[in-house]
Amino acid sequence: MAFTLYDASVANYLQILGGVSGYLNKGLAHFRENGVDPETIVETRLLDPGREAEKLAQADVVLVDAPCSGSGTWRRNPKARWRLTPRELERVTAIQSRLLDVAAELVRPGGRLVFVTCSVLDAEGADQAAAFLSRHGDWRAERLALGAGETRGEGTRLTPARDGTDGFFIARFGKLC
């Protein structure tokens, strides 16, 4: 079972993949190849702030595509850099932290949590991953073999200059059994 969740308290969504290991696209492609329409196994739910876990079963994989500053898109949207203030950065990093904490509760022991932002800022990437691990002693960072990007803290950062993409930070965490 897979869920797409909308958490009104942080105005963002989590995609929770129950029983699917690997990446979202690979998992959805597998369903299609085997005659299963992914839309029949995805359910959208509006969650009550602070009570998210009450309505959800635990999953094998949770993908957090977190809201961010968008600094990874500045190459193609340069005016956006002037809209980022210290206050806005503080706001989005607080949301990211909350989403990671909510998502951590939704992963079964032995499961995975994947965190992605379209940012090149450490505050939204490497620092956020390190803070998550310091708050959750039952989690470990797992290296990704993406074929692109470079190690940054406990994750991988892709940059326009190095990788020819928008900027991203991606980290995968494994929950200890």
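Residues numbered from 1 in each chain as written. Predicted model: local features only at pLDDT ≥ 70, side-chain atom pairs only at ≥ 80, totals over all residues. Heavy atoms only, no water.

### Remarks on the nonpolar core
Link 1 in the chain: Ranked by internal contacts, the top residues of the largest apolar core, which has 22 residues, are Val62, Val64, Leu113, Phe115, Phe132, Trp139 and Phe173.
Link 2 in the chain: Elements with a contribution of two residues or more to this core: strand 4 (59-65), helix 2 (86-105), strand 5 (107-117), helix 3 (126-135) and strand 9 (168-175).
Link 3 in the chain: By residue number, the principal contributor to this core is helix 2, which donates 6 residues.
Link 4 in the chain: Core analysis: the next-biggest nonpolar cluster, separate from the first, contains 6 residues, Val114, Val116, Leu144 and Leu158 among them. (Core = buried A, V, L, I, M, F, W, Y, C linked by side-chain atoms within 4.5 Å. Buried < 20%, exposed > 50% of the residue type's maximum accessible area, 1.4 Å probe, protein only. Helix = DSSP H or I, 4+ residues; strand = E, 2+ residues; numbered from the N terminus.)

### Things to note about the environment of Asp163
Link 1 in the chain: Turning to its location among the elements, Asp163 is positioned in helix 4 (residues 160-163).
Link 2 in the chain: Asp163 sits 14 residues away from Gly149 along the chain, and the two C-alpha atoms are 6.3 Å apart.
Link 3 in the chain: Residues within four places of Asp163 in sequence aside, it is in contact with Ala148, Gly149, Arg157 and Leu158. (Contact = heavy atoms within 4.5 Å.)

### Concerning the confidence of the model for the protein
Link 1 in the chain: When pLDDT is averaged along the protein, the result is 80; 71% of the residues meet or exceed 70.
Link 2 in the chain: Taken element by element, the predicted model of the protein shows its lowest mean pLDDT in strand 2 (residues 12-17) (39) and its highest in helix 3 (98). (pLDDT = per-residue confidence, 0-100.)

### Considering helix 3
Link 1 in the chain: By the burial criterion, the buried members of helix 3 are Ala126, Gln128, Ala129, Phe132 and Leu133. One side of helix 3 holds all its buried residues, which, seen down the axis, span an arc of 165 degrees.
Link 2 in the chain: Where helix 3 is buried, its residues touch helix 2, strand 5, strand 6 (139-142), strand 7 (150-152) and strand 9. (Arc of directions from axis to C-beta.)

### As for the state of the cysteines
Link 1 in the chain: Applying the stated criterion to the full structure yields 0 disulfides.
Link 2 in the chain: The thiol sulfur of Cys68 is not disulfide-bonded, and the nearest other cysteine sulfur, from Cys118, lies at 3.0 Å.
Link 3 in the chain: When its relative accessible area of 18% is taken as the criterion, Cys68 is described as buried. (Disulfide = S-S within 2.5 Å.)

### Considerations on helix 2
Link 1 in the chain: For helix 2, built from 20 residues, the straight-helix expectation of 28 Å at 1.5 Å per residue is met to within 8% by its first-to-last C-alpha distance of 29 Å.
Link 2 in the chain: Those residues of helix 2 that sit buried are Val92, Thr93, Ile95, Gln96, Ser97, Leu99, Leu100, Val102, Ala103 and Ala104. (Expected span 1.5 Å × (residues − 1).)

### Description of the pattern of salt bridges
Link 1 in the chain: Overall, the coordinates contain 12 salt bridges when judged by the stated rule.
Link 2 in the chain: For Arg157, the salt bridge identified is with Asp122, shortest N-O distance 3.6 Å. Taken as a pair, Arg157 in strand 8 (residues 155-158) and Asp122 in the loop between strand 5 and helix 3 lie far apart in primary sequence, 35 residues in all.
Link 3 in the chain: On the accessibility criterion, Asp122 (25% relative accessible area) is partly exposed.
Link 4 in the chain: Glu150 is the partner of Arg162 in a salt bridge, and the nearest nitrogen-oxygen pair spans 3.8 Å. (Salt bridge = Lys/Arg side-chain N within 4 Å of Asp/Glu carboxyl O.)

### Quick notes on the packing of aromatic side chains
Link 1 in the chain: Overall, the coordinates contain 3 aromatic pairs when judged by the stated rule.
Link 2 in the chain: The interplanar angle of 65 degrees and the centroid separation of 5.7 Å between the aromatic rings of Phe132 and Trp139 together place this pair among those described as edge-to-face. The two residues Phe132 and Trp139 agree in class, both being buried. (Phe/Tyr/Trp six-rings, centres within 6.5 Å; stacked < 30°, edge-to-face > 60°.)

### Details of the side chain of Ser71
Link 1 in the chain: By the element assignment, Ser71 lies in the loop between strand 4 and helix 2.
Link 2 in the chain: Ignoring anything within four residues of it in the chain, the contact list for Ser71 reads Cys118, Ser119, Val120, Leu121 and Glu124.

### A few points about the environment of Arg143
Link 1 in the chain: With respect to the helices and strands, Arg143 occurs in the loop between strand 6 and strand 7.
Link 2 in the chain: Remark: the alpha-carbon pair of Arg143 and Arg172, spanning 29 residues in sequence, is separated by 6.9 Å.
Link 3 in the chain: Not counting chain neighbours up to four residues away, the residues in contact with Arg143 comprise Thr151, Gly153, Glu154, Gly155 and Arg172.
Link 4 in the chain: In terms of polar contacts, Arg143 uses its side chain to reach the backbone carbonyl oxygen of Gly153, at 3.3 Å. (Polar contact = N/O pair within 3.5 Å; in protein donor to acceptor, adjacent residues only side chain to side chain.)

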